[in-house]
Amino acid sequence: MTLSKLILSFTAIVFIFAGCSSKVDVKKGDRLVVLETLRESAETQWEDSYTDGFTTEIPVGTVMEVLFNPRTGSNIIECKPIEVNGTKDAQEVDNFFVPEHIRNKQGYVGYSFSIKTEYMGKKVKKAE
């Protein structure tokens, strides 16, 4: 009985310090490839610190660049598409995702998506 308590205690300590394998192995600059069409909300950035958003589909094959190193324990990865439907031209990629009435409004600076870390390996993968 004492041995099983010792093993159980040791296992609990390992999970506390190692974290139940929840660490996502991505960093700023990494590229992610969409494996399954996603319907996600984007956050828009503006010159005057105002933020807004829109919801759109991110098609299979879209390549996104990670914008920031995810914080330990974070459940999202901030990223921006850099290729969609074989197009790598930044303006065309933006035109694909951002509705015209938003991107043509004065003060618009850019946008990004917050992809859930739980999507890693299922709906998105790290590019090779």
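Residues numbered from 1 in each chain as written. Predicted model: local features only at pLDDT ≥ 70, side-chain atom pairs only at ≥ 80, totals over all residues. Heavy atoms only, no water.

Q: Break down the packing of aromatic side chains for me, citing the residues and quoting the values.
A: The final tally for this structure, using the stated rule, is 6 aromatic pairs. Between Phe 97 and Tyr 111, the ring centres sit 6.5 Å apart and the planes meet at 35°, which makes this aromatic pair tilted. With Phe 97 in helix α2 (residues 90-97) and Tyr 111 in strand β6 (residues 108-116), this residue pair connects regions lying 14 residues apart in the sequence. Taken individually, Phe 97 and Tyr 111 each receive the classification buried, so the pair is uniform in this respect. Between Phe 97 and Phe 113, the aromatic rings sit 5.8 Å apart at their centres with planes inclined by 75°, giving edge-to-face as the arrangement. On the criterion of sequence distance, the pair formed by Phe 97 in helix α2 and Phe 113 in strand β6 is long-range, its members being 16 residues apart. What makes Phe 97 buried here is its relative accessible area of 2%. Through a chain of ring-to-ring contacts, three or more aromatic side chains come together here, namely Phe 54, Phe 96, Phe 97, Tyr 111 and Phe 113. (Phe/Tyr/Trp six-rings, centres within 6.5 Å; stacked < 30°, edge-to-face > 60°. Helix = DSSP H or I, 4+ residues; strand = E, 2+ residues; numbered from the N terminus. Buried < 20%, exposed > 50% of the residue type's maximum accessible area, 1.4 Å probe, protein only.)

Q: Residues and numbers for the environment of Ser 41, please.
A: For Ser 41, the location among the structural elements is in strand β2 (residues 38-46). Residue Ser 41 is classed as partly exposed on the basis of its relative accessible area of 45%. As a C-alpha pair, Ser 41 and Phe 54 span 13 residues in sequence and 5.5 Å in three-dimensional space. When residues no more than four places from it in sequence are discounted, the contact partners of Ser 41 are Phe 54, Thr 55, Ser 112, Phe 113 and Ser 114. Here Thr 55 takes part through its side chain, which lies 3.1 Å from a polar atom of the side chain of Ser 41. (Contact = heavy atoms within 4.5 Å. Polar contact = N/O pair within 3.5 Å; in protein donor to acceptor, adjacent residues only side chain to side chain.)

Read these as layout, nothing more, since geometry by itself doesn't imply function.
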